[in-house]
Every structure is written in structure tokens, then in C-alpha cells.
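A closer look at the structure
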Amino acid sequence: MVYKRVKQPKISDVIMQQLETMILEGTLKPGQKLPPERELAVQFEVSRPSLREAVQKLAARGLLESRQGGGTYVAQDLGSSLSDPLLELFKTHPESQYDLLEFRHALEGVSAYYAALRSTPADKEAIQAHYDQLQRYHDEKSFDKEVEADVEFHLAIAAATHNVVLLHMMRALFTLLRQHIWENLEQVYPKHDIRSRIHEQHHRLLQAILEGNPDAARQAAHAHLAFVEDALLQQGQENTRLERALRRSTLST
């Protein structure tokens, strides 16, 4: 029997695989800056030339990028399959927001379920921290920051599922999701009772995940999105009534 020689993998390839895993699992996020080369070489216990070669290979594949002023970053547009032209279609076809809410029902229901089922203490700490930030901006009535915190809260839940496909699907939707949440809140947040109830729903979702109750978490996610959809429908009907009244007023003058 002839045995084939087992080839030892190149150090740079091993480093590359580890960095790929960190990107895939969400440890390294889109737009995140990598530690300096010297520090990273110490962490991996490898030479700087081997590390540099691994980084260059990942940069050639579009996973990492160097920026002016120094530093290596995870590609900002990683997984952004939903491009600006598609966003414009959603903007110019308002009825599509209900399709998006329907999609969010499926995606975020599953996300909440598995986050409650699989989240580690570190995951729960991260979700709590994002919720606390959301609470702070809610109290301050800082609309822009609250929208951003809302998105980050949902993404922290997705990360806690430990399902890399689900996580990156949510990441790919980040821009669209942010725009969608912005438009939703812009319409319904002026009403204090609606704004408070939405925030209470976020708290129920948080509690179900922290308690490790997957069914309750999924139900909380669905209840939250169903409430938003109902509030938007009511707001749309109210806007139609106001427009009709305005037209009548114009005709009578």
C-alpha cells in the first residue's frame, strides 16, 4: 500500500480560515476595524508576514478592505444584496411595506424562538445592553438614535440564534430594515399611547428571551409586528379621511 504524504497547511491559510469563521459567525462585523497587525499576530501566535499574507488573500476576495489613513476593516457592504435601486422600489410602492412586515413576521419570529432556545449568558447580556440603550433613547425621545437602537436590538437577537445564515440574512436586510422601522415609527410614534405600547412589546420580547422561553419569544415577536401593522393600517385610514376632508374644504371655498 502506498501512502500519500500529508501536506501541512500553510500558516497563512490557517489564519485565513480562522478570520473567515469569525466573519461568518458575526464575531467580526461589517465595517469593523481589525486590531493592528502586531497585536493580531500576537493573538494568533503567528509571524506578521504570515498574517499579512492571510489578510491580503481575504482582501482579494472582498472580505477585508484597507482604508485611507490606515487600518484593515471587514468589508462594509458585506452581504448587502439589497441594493439602493431595490430600496427605491420599496419607497415608491408604499403597499410593499406590508409585504415586508409579513416577511419580518417569519424572519423575526424564528429569530426570537432560537435566541430564547440557544442564547448564552454573553448573548443575553448583549441583548440586554442593546435594550437598555433603546430604553435610554426612548426616554430622551431621540428619534434618530432610537431607530438605530431598535435595529441593533433585533440584530443582537439574530446573533443569539447561533444560526449564521439567519444572522447574515438579517445583516443583509439592515439598510432596508432601518428604513422600514424609520418609516413605521415616523407615522405612528407621534401618538404617545402607540409609542409606549411598542416599547412595552420590546420589553416582553426581551423577557421571553432572557427567561429562555422560545414559544413566548416567538409569540412576542409576532404580536409586536401585528400591532405595528394594525397601527399603520389605522394611520393610513386616518390620513385618507384627512385628505378627503381637505379636498371637500377646498371645493367649498
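Residues numbered from 1 in each chain as written. Predicted model: local features only at pLDDT ≥ 70, side-chain atom pairs only at ≥ 80, totals over all residues. Heavy atoms only, no water.

Focus on the overall build of the protein
Applied cut-off: Strands are runs of DSSP state E lasting at least 2 residues, helices are runs of H or I lasting at least 4, and numbering of each runs from the N terminus. Buried, partly exposed and exposed residues are distinguished by accessible area as a fraction of the type maximum, computed with a 1.4 Å probe on protein chains only: under 20%, between the cut-offs, and over 50%, respectively. Any two residues whose heavy atoms approach within 4.5 Å are treated as being in contact. In short, Shrake-Rupley with a 1.4 Å probe defines the accessible areas, and a residue's cover is counted only from the protein chains shown.
If you tally the helices and strands in the protein, you get eleven helices and two strands. Order of helices (α) and strands (β) in the protein, N terminus to C terminus: α-α-α-β-β-α-α-α-α-α-α-α-α. Counting over 253 residues, the protein shows a buried share of 36%. Within the protein, contacts between residues separated by at least 24 positions form 73% of all contacts whose residues are at least 6 apart in sequence. Surface summary for the protein: the accessible area is close to 14900 Å², and the carbon and sulfur share equals 53%.

Description of the side chain of H105
Our working definition: Pairing of N or O atoms within 3.5 Å defines a polar contact, subject to two protein rules: one partner must be a possible hydrogen donor and the other a possible acceptor, and residues neighboring in sequence count only if both atoms are side-chain atoms.
Summarising the element assignment, H105 is placed in helix α5 (residues 96-118). Polar side-chain contacts of H105 include one of 3.3 Å to the side chain of H222. Apart from the residues lying within four places of it in its own chain, the contact partners of H105 are H222, L225, A226 and E229.

Observations regarding the packing of aromatic side chains
Keep this limit in mind: Aromatic rings from Phe, Tyr and Trp, taking only the six-membered ring of Trp, are treated as a pair when their centres fall within 6.5 Å; an angle between ring planes under 30 degrees marks them as stacked, one over 60 as edge-to-face, and anything in between as tilted. A ring has a charge above it when a Lys NZ or an Arg CZ is no more than 6 Å from the ring centre and no more than 35 degrees off the ring normal.
Within this structure, the stated rule accounts for two aromatic pairs. We note R136 situated over the ring of Y137; from NZ or CZ to the ring centre the distance is 5.2 Å.

Quick word on the environment of E108
Position of E108 relative to the elements: it lies in helix α5. For E108, a relative accessible area of 6% translates into the label buried. Put simply, E108 and I157 are 49 residues apart on the chain and 8.7 Å apart in space, counted from C-alpha to C-alpha. Engagement of the side chain of E108 in a polar contact is seen with the side chain of R104, the distance being 2.6 Å.

Considerations on unusual backbone geometry
The backbone of E45 sits at a positive phi, close to 60°, despite the residue not being glycine. Relative to the helices and strands, E45 resides in the loop between α2 (37-44) and α3 (48-60). With a phi angle near 55°, K141 is a residue other than glycine that sits in the positive phi range. Take K141: it is sitting in the loop between α6 (121-140) and α7 (143-159). Judged by its relative accessible area of 59%, K141 falls in the exposed class.

A word on the confidence of the model for the protein
The predicted structure's coordinates, where accompanied by low pLDDT, should not be read in detail. Defined as follows: What pLDDT conveys is the predictor's confidence in a given residue, as a value from 0 to 100.
When pLDDT is averaged along the protein, the result is 81, and 75% of the positions lie at 70 or above. Taking the mean pLDDT of every element in the protein, the minimum, 58, falls on helix α4 (residues 84-92) and the maximum, 95, on α6.

Topic: the nonpolar core
For clarity, the cut-off: Among buried residues, the Ala, Val, Leu, Ile, Met, Phe, Trp, Tyr and Cys ones that are joined through side-chain atoms within 4.5 Å form a nonpolar core.
In this structure, I127, F153, I157, L205, I209 and A217 are the most contacted members of the largest nonpolar core, which totals 19 residues. Of all elements in the fold, only α5, α6, α7, α10 (192-210) and α11 (214-252) reach the threshold of two or more residues within this core. Those residues within four positions of I209 in sequence are excluded, and the remaining contacts are A112, A115, A116, S119, K124, I127, I157 and A217. In this structure, I15, V55, L58 and L64 belong to the second largest nonpolar core, which totals 16 residues.

Let's talk about the environment of G70
In this fold, G70 is placed in the loop between β1 (64-66) and β2 (72-74). Sequence separation between G70 and P36 is 34 residues; the distance between their C-alpha atoms is 9.6 Å.

Some words on the pattern of salt bridges
Put simply, the rule is: Any carboxyl oxygen of Asp or Glu within 4 Å of a side-chain nitrogen of Lys or Arg constitutes a salt bridge here.
Counting across every chain of the model gives nine salt bridges. The closest approach of N and O atoms between E53 and K57, which form a salt bridge, is 3.6 Å. Residue E53 and its partner K57 are both found in helix α3; the two are separated by four residues, about one turn of the helix. A residue is classified by how much of its surface remains accessible, and E53, at 26% relative accessible area, is partly exposed. For K57, a relative accessible area of 25% gives the class partly exposed.

A few points about α7
The line we're drawing: The length a helix should cover is 1.5 Å for every residue beyond the first.
In a regular helix each residue adds 1.5 Å, so 17 residues correspond to 24 Å; α7 covers 24 Å between its end C-alpha atoms and thus fits that length. All buried positions along α7 are accounted for by E146, V147, A149, D150, V151, F153, H154, L155, A156, I157 and A158.

Focus: the side chain of D150
Short version of the rule: Neither His nor the chain ends is counted toward charge; the positive residues are Lys and Arg and the negative residues Asp and Glu.
In this fold, D150 is placed in helix α7. As a buried residue without a salt bridge, D150 has its nearest oppositely charged side chain in R104, at a separation of 5.4 Å. A polar contact of 3.1 Å, which involves the side chain of D150, links it to the side chain of H154.

So, helix α8 (residues 164-172)
Listed in full, the buried residues belonging to α8 are L166, L167, M170, R171 and A172. Among the residues of α8, the N-terminal cap falls to N163, whose side-chain oxygen and the backbone nitrogen of V165 are separated by 3.0 Å.

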